[in-house]
Amino acid sequence: MFLEQFPEDGKSHGWLEIVCGSMFSGKTEELIRRLRRAEFANQSFLLFKPKLDNRYSDKQVVSHAGEQFDAINIEAAPEIWKHWKNQKIVAIDEVQFFDSSILEVVTKLAAKGVRVICAGLDMDYKGKPFGPVPSLMAAAEYITKVHAICVSCGNLAQFSHRTVKEDSQVLLGAVEKYKPLCRNCYNKIEH
Ligand code: ZN
């Protein structure tokens, strides 16, 4: 699998990896998998997530499957500098909730030799690019788009359809209010 081609060891330069996709696509599982592997290699890392994400637990990044890592909650991307002490890896989950300042922070980290791994939604429930994620994808060396399974037809899904009438882009603690759909099934629904 091409994921194994990342130059994880023995390189002094930094880079940016993006793991993106819809809800239920396994983004956080993939982020956790990469951190777990780094942990086995004794590579130091920091894991951040936005403060507004309260699901399951405040201080941990938890996959739907229940695997977890301790995370540092921050409100704004520049707070990363208060915590970073030359750790080799900086990971950020739910990166779509940060503002555009995240791009400058991760670019500077990569320039300092850090491997930066960002995971997040690439599109909101309306199918529009989500927050800073498009910019991060443009700047990244490696992009992994993961997919869910369409609950209507079983094809690969990339849209997070919201099943309740709520217009805000952010609807927290409401995983059950979404279902993954493929393009074809998503387009059959009135938005
Ligand atoms: Zn479908």
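Details of the structure are given in the entry above.
The following paragraphs examine the structure supplied in this document. (Residues numbered from 1 in each chain as written. Predicted model: local features only at pLDDT ≥ 70, side-chain atom pairs only at ≥ 80, totals over all residues. Heavy atoms only, no water.)

**Observations concerning the pairing of strand E6 (residues 89-92)**
For a regular strand, side-chain orientation follows a simple rule: the groups alternate between the two sheet faces.
Consideration 1: Burial along E6 is two-sided: Ile89 and Ala91 facing one way and Val90 and Ile92 facing the other are all buried.
Consideration 2: Where strand E2 (residues 45-50) and E6 come together, 4 bridges link them in parallel fashion. Bridged to Phe45 within E6 is Ile89.
Consideration 3: Relative to strand E7 (residues 115-121), E6 runs parallel, the two sharing 4 bridges. Looking across to E7, one finds that Val90 is bridged to Val116.
Consideration 4: Where the polypeptide runs from E6 across helix H3 (residues 101-111) and back to E7, its parallel neighbour, the crossover connection is right-handed. (Buried < 20%, exposed > 50% of the residue type's maximum accessible area, 1.4 Å probe, protein only. Helix = DSSP H or I, 4+ residues; strand = E, 2+ residues; numbered from the N terminus. Pairing = 2+ DSSP bridges. Right-handed = clockwise from strand over helix to strand, strands pointing away.)

**Quick word on H3**
It helps to recall that an α-helix has 3.6 residues per turn; residues three or four apart then point in one direction.
Consideration 1: Among all positions in H3, only Ile102, Val105, Val106, Leu109 and Ala110 are buried. Taken end-on, H3 shows its buried residues confined to a sector of 130°, consistent with a single buried face. Set apart from the buried face of H3 by more than 90 degrees, the exposed residues are Glu104 and Ala111.
Consideration 2: Tucked inside the fold, the buried residues of H3 contact strand E1 (15-21), helix H2 (80-83), E6, E7 and helix H4 (133-139).
Consideration 3: One or two residues past the end of H3 sits Gly113, with phi positive at roughly 95°. (Arc of directions from axis to C-beta. Contact = heavy atoms within 4.5 Å.)

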